[in-house]
Amino acid sequence: PSPYFVVLSGKIDLIKGDHALSLSENEIFIPQDLSDLSIKTTQFEKLEAKQKTLLLFLNEMHFNSLLKANTYLKSACTSQFSQHQIAYFLKSKTFFEYVGNEALHVISQQANMLCLSPGEKIIHQGELSKEMYLIYEGAVEVIQTMEDGEERTLSTLKTGDLFGELAALGDSETPRNATIMAK
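Attention here is on the structure that accompanies the text. Computed from a prediction, not measured in an experiment: that's the story for all the values here.

Of regular secondary structure, the chain possesses five helices and 14 strands. For the chain, the residues scored as buried account for 36% of the 183 residues in total. Here the analysis covers contacts within the chain between residues at least 6 apart in sequence; of these, 66% occur between residues at least 24 apart. Element-wise, carbon and sulfur atoms account for 53% of the exposed surface of the chain, whose accessible area totals about 10,700 Å².

Written out as structure tokens, the structure reads:
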């Protein structure tokens, strides 16, 4: 299970080689999901406090329980992921690894993070939309309802996987082929 840290006060740097990711008050980080832009790894080398710093540590189970019980916290969590964290993720875990840093910056400005609890549906089969999604952490199930009403799990997607790309590439909103549910 992933530990979650919240910077309650102060400022820290997560360091990998010559690169540092600075985080300050109210920012959230998950250690194994922070990656250097040029090195394929999932661990930072050290955490360095820039001033007196207070961190809150939560394990994944407690963090998810808090999100499920408190919609305000869930909303705040979603807004805490900064553009540079999104760019780091895109560069290190997805097909965007070949995209230049300027383009990644533009893409990360357009991106929105969602924090979902297990069982929450992101896409419903048949709905019209054009959004594409990349999984930052966790997994989702791709579920299709057959004509007889039976639901079948077609696949499980995980960190770095993409879904909804066909709808995003089309000229107009198209009906979704399957339901996507957080696992």
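Another point: the sheet that holds strand 7 (residues 121–123). The four strands lie next to each other as 7-14-10-11, forming an open sheet whose pairing is antiparallel. Looking at strand neighbours, the two that pair on one side only are strand 7 and strand 11 (151–158), the edges of this open sheet. The average undirected angle you get between the axes of adjacent strands in this sheet is 30 degrees. The pairing of strand 10 (residues 139–145) with strand 11 spans seven bridges and is antiparallel.

The next thing to look at is the sheet that holds strand 2 (residues 11–16). Here three strands make up an open sheet; going across it, the order is 3-2-5 and the pairing antiparallel. Of all the strands in the sheet, the pair left with one neighbour each is strand 3 (19–24) and strand 5 (46–49). Strand-to-strand twist in this sheet, taken as the mean axis angle between neighbours without regard to direction, amounts to 25 degrees.

Calculation rules
- Residues numbered from 1 in each chain as written.
- Predicted model: local features only at pLDDT ≥ 70, side-chain atom pairs only at ≥ 80, totals over all residues.
- Heavy atoms only, no water.
- Helix = DSSP H or I, 4+ residues; strand = E, 2+ residues; numbered from the N terminus.
- Buried < 20%, exposed > 50% of the residue type's maximum accessible area, 1.4 Å probe, protein only.
- Contact = heavy atoms within 4.5 Å.
- Areas by Shrake-Rupley, 256 points an atom, 1.4 Å probe, with all protein chains shown as cover.
- Pairing = 2+ DSSP bridges.
- Axes fitted to C-alpha atoms, helices over the stretch in contact; angles between N-to-C directions.

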